[in-house]
Structure formats: C-alpha cells, structure tokens
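# Report on the structure
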Amino acid sequence: MAQKPQTREERRRQQAAKNKKPKGKKANKGMFKKIFLTLIALGIIGMLTGIATFAFMIQDTPKLDESLLKDPISSKIYDKDKELVTEVGSQNRDYVAYEDIPKLVESAFLATEDVRFYKHNGIDVIRLGGAVLANITDGFGSEGASTITQQVVKNYFLGFEKTISRKAQEAWLAYQLEQKYTKEQIFEMYVNKIYMSENMHGVLTASKTYFGKDLSELELHEAALLAGMPQSPNNYNPFTNPEKAEKRRNTVLMLMHQHGFISQEDKENAQKIPVESSLVKEENRKNKNEEPFDAFVDMVIEEVTEKTDFDIFSDGLEIYTTLDQNAQKHVENILNTDAAVQFPNDEMQAGITLLDTKTGEIRAIGGGRKQQVKRGLNYAIDVTRQPGSTIKPILDYGPAIEHLRWGTYHMLEDKPMTYSNGEPIGNWNDKYNGVMTMRMALAKSINIPALQAFQAVGLEKAREFGTNLGLTLDDPFYESASIGAKEIAPIEMAGAYAAFGNNGFFTEPYSVKKVVLRDKTEIDLTPETEVVMKDYTAFMISDMLKTAIKQGTGATYANISNLHVAGKTGTTNYTQDEINKWEIKNGGVPDSWFVGYTTRYTASVWTGYSDRKTALYGNEQKISQTLFKNLMTYVSKDVDTPDFTVPKSVERVKVEKGTMPAKLASEYTPKDQILYEWAVKGNVPKETSKKFEKLETPSKLEAKYDEIKNEILLTWEFNQENKEDIQFEVTASLDEGPEQTLTTTAETGLKIANAVPGGIYSFKVTAIRGEQRSDPATLKVEVPEPLLPEQEDGENEEEENDEGNENGNGNGNGNGNGNGNGNGNGNGTGDGTGDGDGDGNNDDGGDDNNPPGP
C-alpha cells in the first residue's frame, strides 16, 4: 500500500519537534551546572559551619593535666543524712611501665578495646562510622566508638553526659593527647588506670590478685581474662562470677584470633581451660580491708556502674545514698554474732535487705555471714534462690484479686489436683484440708489453692503482675512458679512486698539518690515510682499476710506484739533424686525465707548454705523469722507505725464458713460459723446461706401403739427446704414425771419398747442443727390397760385372787396363793392346793398374755 502523503500541518509539527531537541540539551546542561555549583557552595558553607560549630563546642575544653591522667581520684559516699561514710578510691595499685608489659597482654587489650590504636591519631574514623550508624538506628549514645586514647581522657576533664558537645571535646582532647605523648605512653596510662574490681586499679595489680603472678608469667587464657574485665569489672570478676568471666574471656580469645594475634589452635586450646583452674585459692586471697559496710557499698558500686558511665573508684564523685548507718550496723551485728539467734556454724549463710516501704530506699544490706574477702558474694543482691511460699502473694493471690476481684472470703477447695500437664502437686504435709478461704489458704501455706488461683488468672497475667513488681521472670516460666519454683534475689522480694505495704505503688529498690560530679553537676538517680496494682489488691494482700504472721504455719516466730506486721514464710524442697544423692535426712530443706513489712519498713531474709547439698533442719528453718523479728523490732523502736489504711474500694462482708461458692451469713448463722472478710466494693457474694435459717417445727407428730409387741411407734415429718445436717432430739416423760432424752437421730421415726400399761407419755420432737433448735412438736399418748376376761358368776378379779379353796363356775385370771378345782375353765398361777369338783385346771402356766398385775 502506498504511503499516504503528509499534509502541510503534519510536516510543520514534525519540524517543530526536531527543532526543540537541541534546545532541551542546552537547558539540561545549564541546570546541572547550576546544581553542581550550588552543591560546592553548600559544601564549603557546611565545612565552614562545621568547623565553626566544632570550634564553638571545644572552646571550653579543659587543658591536659598529667597528674589526673596517671592518678585516679577516689569518690566519697554519704549516708541518708549526708554524713560521710567512706571514701572509695584506688589506693590498691601496682604501677607497670610500658617496657614491662608483655606483648601477649598488650595484644589482648588491643584486640578487645582498640585494634587500630597504633594507626589513628586519637580518633578511629572507621570505628566511628559504625558507631554513628548504630546511634542513628538506636539513638545517640547507644554505641560508643571510644579509642584507648579517648578512654584515657574522657572521665578526667569533661562532663559525663552523652552529648555531641562532649564527644567533640573528647575528640579534641584525644587529638591533643596524641600530639603530646607517644602511643606507648598513652597505653601505659591506660593499663595502669583501668578499674579491675576488688577495689583495685591496673592490670599488674589484677594479675597478682587473681592469679598470684607477674605479668610476664601470664598464660594466654589469663591475659585474655584480664583484657575482658574493663568493660564491666564487677560482672566479670572471676572470684565472684566465674561463668561470666569465662564467657567474656572466650570472646576476647575470639577477637585475638580474628585480628591475627593468635592462631585458631591457640584460641581453641585456651578456651578449653576452666577459669577457676588458675585462680588464687580462696584461703590465700587477701582478707577484706576495714572499710565499713561492705555489702551496702557493694550495692552502691553496682548501681552507679549500671546507671552511669562513671568509674566510682577514679572519678572523684560525691555519692549521696539511702544508707541508715545504725540499721546497717545492727544487720551486720546480728549476722556475724549470736546476738539475735544461735547459728549452727559459721558456714550457714544469710542475705538481708531492709527497705523504706514508702520510698523503696535501701536502708541496710546484709550480704552474708563471716565473709573474708572484699566485695565477696552478696547474698542479698547477687544470689538467686527459689523463694518457696513467699511467692504466693505475688504470683497467685495478688493477680487473682487484681484481675478477678476475688475477696479475702473467696473459697478454694484443697483436694487432689495436678498441673495442666498432668503432673501431680501436693501439700507440704501430704494432707488435704477441704474448703477454705483464700485468707486461710495463704496463712496455712497450702500449695493446691495457690495453684488454683494461678490457673484461674492465667500464666501470662501472673507473670506480668510479678514483673511489674520488679521480679526477674524470664523463660522458661512454668506453673510450678506458683509455689516458688523460680529463682529470685532477696532484694527483688523486698521490693515486691514493699509495694503491697505502699498501697500498690512500686519503686525499684535503690541505694543512690544522686551523684555530684567534680564540676558540681548533680545527677539524680532516684527511680520513678509507678502504680502497679489497685489499692484494694495491696490492702487485701496486706490484711491476709497479717493473719499469716499470727496464725500461719510457723510464722509466729516473726510476729511482733504491738506492731502491725504483715509477712510470709517460705521454704523449698529437695527432689527425690537430690535426697538420695546427697543423703538428705527427713525434714531437711535447702532454703528458708521470711519476707514481711510494716507501713514503715520492709525486710527480706534468706537463709541457707552456699552449697545446696547442705540442708537446714528443725529450728534452723526458723532463723530467718527470728532475724526478721529482731531487725524490725530494732528499726521500729520509737517510730510511729500506723496500721494499713482501709481504702474506699473495699467493704466488709460476713460470710458463712464452709460455703462454696462463698455465701453471706444469714441472721441465723451461729457466731462461730461467721467469717468477717473483705470484698472489692460491689463484688460481695450474691447469695445468702440458708443452712442456718430458722428451723421449722417438725409436723404431723403421731404415735401408734402395737399391743402385741407392747411398743409405741412415734413418727413425724420435717418440711424445711434445707435439711442438711438436721437431726431430731426426742424426749419423753411418763405420767408427768421428769423429762428424759430418748435419742438424737437423723430419722423421722422412733420405736419405744416395753411401754408401761396405763402410762401416759408426753413426747417432744425438736429439730436441731449445731446450736440451732426449732420449737418442739409435742404429743401425749396413753398406753391402754390390759383387757380382763368376762366372769360368769360375777366374781371379780379380787375374789378370784383370794388365797384358799374355791368352788364355782367361771373364768378367772390372777395371781394368788392357792389351787382351786371346780367346774369351769380357768387360767391361773398359784402356790397352794385346793379341792373341788369340776374340770378346771389351775396348774402353773396357762394361756396368759396379760401384763403383770398389781
């Protein structure tokens, strides 16, 4: 097909389009040129602005002071009244020159802290880039990029806040340090100033303390352990945390291999060596020095380390704490002497935490007994053990009140039961107690009702409630946690119980109020107080725990007269395998707890042995309660301690004992069957018990006389709806004589044998239930006289019974002395002889069914 010729208009449009293309290219080139020049201008402006900004931020950077670089400054610790307690410093330090530091030790530190140390000028740009990305993702300050040079200077001349300005000053100061000192001198400063736990500074001091060796004698695995400690010295202390120390050491060995300092074989061989294998034996370690209140200071160090970047041993801080020196002295006295209780031996351990109930401030810490090393294992803070029944208010009954609005009257049935997985659960005494209130289930420390509460709330809500109270409840979390099968630290238990005593307000236990820096900057470390439960939950738990301390199983050892105290015991058990393996005697337990509180103070006490193989027996299990009582009595002396306030969210209810579900007591419920309990307002039981309602009078009381059997059959009816536990008391009197009780029976009928002929009986039938009695139903019954046979000649009974001989015709019945012969039929009994005509028979015997005559 021939192509259609273009019109003039089409050709014009085509030509116009062609003419536009070169014009567009020129325009684009111009635009790109403008953008490029603009970017260059902005870059120059940005650089100038950056330089100006950097110059502004570093204008107040302090000058280098060599004495500060080499000599750490001790910190001062003050008590709650701002009185100086002690100074924590770095006097314990052996200095080592760079030329005496083995390459093995240097490599370990470089691989861990700053592998490019010898390649940068104080700032590692490559490492900084990675940190910047992390900070953009997670927020400024989330990851540091500090070189060894920066670590040397950052805490001695600058403020401690994480800001861009501080980082700029730190970088500038690090650059100056690099210009003034050699790399070797800077590394020497670093390894001599680092804190290495145990109240010491410097790698040489640490080597002698932990391994008893000079640096030149260290093996690879030992050098790696020391290099890993500066990141968190107390956490990686091999004396107190060998497992954490070994994990950190293996990380350092991995880094040394990664950066080419050691071979794969060297790494693997070193990682196989147990950390504890080369540590100084415990008996050869330095004794603790005479600094006071070691356990509390240990808490202060841990808290400052966790909440700040400060080095308490070298930063010259002023630390204001919550310490009550008198309480702390008393705690140490009752732990290390027999002033409060006779300890069985020096090996038995205890951990005590004393809090201010309202504020969560730690007043005293008992870290252990007879400890010989400084910063030793702190049984109040660092050791976790199963808390036994002390957990029940936290994971079982507290959540049930909070989420299900159970009242203290809530009825639970102690009966055979299993966990959800089918595994059986038992009580401590292998007995079942039937229906009881939540109050008594908690006071008597019975396991099965506790599990019922836990299951009713649900595992996750129970865990959430406990977590909100400061407990560490990581996975795995099983139903067995409901009775204490989850390890908790004593300080956590104290914090949780304090929230019950503080109307549901929780403050994480703390020892440090504020830190004042050398430039007088104050940093507030007081934690926030949170509402973690309803006030009715806190009050009802407290009220039930007041019962537990007065009536609970063994808890009375902790009760303090004239003081409103709430508290709970807790013991743990051995498994059957442990009993067999360790030869545990009957009744032995690994842990004994008491946690309790007033409106002023809260104390958590754990007792046991560091090795669970050693059991507590008999009265040793009461030591935790005795320590609690002694401490609370001491700190509460001359202190106004009001009772727990009844909130407006609860109301008093009267329930009837043994009703399930709980029912309100009626006006007829006996006093000894009424329980006075608390309910969440508006959540009282809906039904009133009819068990003790006014008893109906038995009806249709009737009597039938059986002449043949000579007995009276008494019957009646009872039409009351609730016949539970009803019995009937039957009384009678004869011929208006004294009333006698014949029987008490649950039947509605009674047979009275050997009725007296002619007697008039007065019967009463009364319905009874416990102490309740109905009005009696009454009935009079006359027993008929015996019938006499007709006599033909009209002789009466008296004549028939005359003594002698008698002739005649007739019938006679009687007892007499004589025999008679005559015409007629007669029945009689007599002792004598007689003559007469007739067919009579008066021999002994006869057809007599008559009752005895007069």
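### Describing the overall build of the chain
- For the chain, the helix and strand inventory stands at 22 helices and 28 strands.
- Of all 854 residues assigned to the chain, the portion counted as buried reaches 48%.
- In the chain, the share of contacts with a sequence separation of at least 24, taken over all contacts with a separation of at least 6, comes to 66%.
- Total accessible area on the chain is roughly 43300 Å²; 48% of this is exposed by carbon and sulfur atoms.

### Some points on the environment of S649
- On the secondary structure map, S649 appears in the loop between α21 (623–636) and β17 (650–656).
- Separated by 110 residues in sequence, S649 and F539 place their C-alpha atoms 9.7 Å apart.
- Residue contacts for S649: discarding those within four places in its chain leaves D535, Y536, A679, V680 and K681.

### Topic: helix α10 (residues 242–258)
- Its 17 residues give α10 an end-to-end C-alpha distance of 24 Å, which sits within 8% of 24 Å, the value for a rise of 1.5 Å per residue.
- All of the buried residues along α10 are P242, A245, R248, R249, V252, L253, L255 and M256. One face of α10 carries all of its buried residues, which in axial projection span an arc of 160 degrees. Exposed residues on α10 whose side chains face more than 90 degrees from its buried face are E243, K247 and Q258.
- Residues of α10 that are buried make contact with α3 (103–113), α9 (220–228) and α11 (264–271).

### What about the confidence of the model for the chain?
- Per-residue pLDDT for the chain has a mean of 83; in total, 78% of the residues score no lower than 70.
- Scored below 50 in pLDDT, residues 15–25 makes zero contacts in the model with residues more than four places away or belonging to other chains.
- In the model, residues 791–854 has pLDDT below 50 throughout and makes 93 contacts with residues more than four positions away in sequence or in other chains.

### Looking at unusual backbone geometry
- For the peptide bond that leads from D475 to P476, omega is 0 degrees, which places it in the cis range.
- Within the secondary structure, P476 is located in the loop between α17 (459–468) and α18 (490–501).
- Cis geometry marks the peptide bond from M660 to P661, where omega comes out at 0 degrees.
- Within the element layout of this structure, P661 appears in the loop between β17 and β18 (674–680).
- Positive phi values are uncommon outside glycine, yet R405 reaches one of about 60 degrees.
- On the secondary structure map, R405 appears in the loop between α14 (392–404) and β6 (411–414).

### Observations regarding the environment of S74
- Its location among the elements puts S74 in the loop between α2 (66–70) and β1 (75–78).
- When the C-alpha atoms of S74 and V88 are compared, they prove to be 5.4 Å apart, with 14 residues separating the residues in sequence.
- Apart from the residues within four sequence positions on either side, S74 is in contact with E87, V88, G89, F313, G316 and L317.

### A closer look at the sheet that holds β1
- Pairing is mixed in the open sheet, where five strands are placed in the order β2-β1-β3-β11-β12. Of all strands in the sheet, those with a lone pairing partner are β2 (84–88) and β12 (522–524), marking the two edges. Going from strand to strand, the sheet's axes swing by 20 degrees on average, the running direction of each strand aside.
- In this structure, strand β11 (residues 512–516) lies alongside β12, joined through three bridges in antiparallel fashion. In the sheet register, V516 faces β12, and the bridge partner there is E522.
- Strand contacts of helix α12 (residues 294–307): β1, β2, β3 (318–321) and β11, with the helix running at about 115 degrees to β3, the strand carrying the most contacts.

Rules behind the numbers
Residues numbered from 1 in each chain as written. Predicted model: local features only at pLDDT ≥ 70, side-chain atom pairs only at ≥ 80, totals over all residues. Heavy atoms only, no water. Helix = DSSP H or I, 4+ residues; strand = E, 2+ residues; numbered from the N terminus. Buried < 20%, exposed > 50% of the residue type's maximum accessible area, 1.4 Å probe, protein only. Contact = heavy atoms within 4.5 Å. Areas by Shrake-Rupley, 256 points an atom, 1.4 Å probe, with all protein chains shown as cover. Expected span 1.5 Å × (residues − 1). Arc of directions from axis to C-beta. pLDDT = per-residue confidence, 0-100. Pairing = 2+ DSSP bridges. Axes fitted to C-alpha atoms, helices over the stretch in contact; angles between N-to-C directions.

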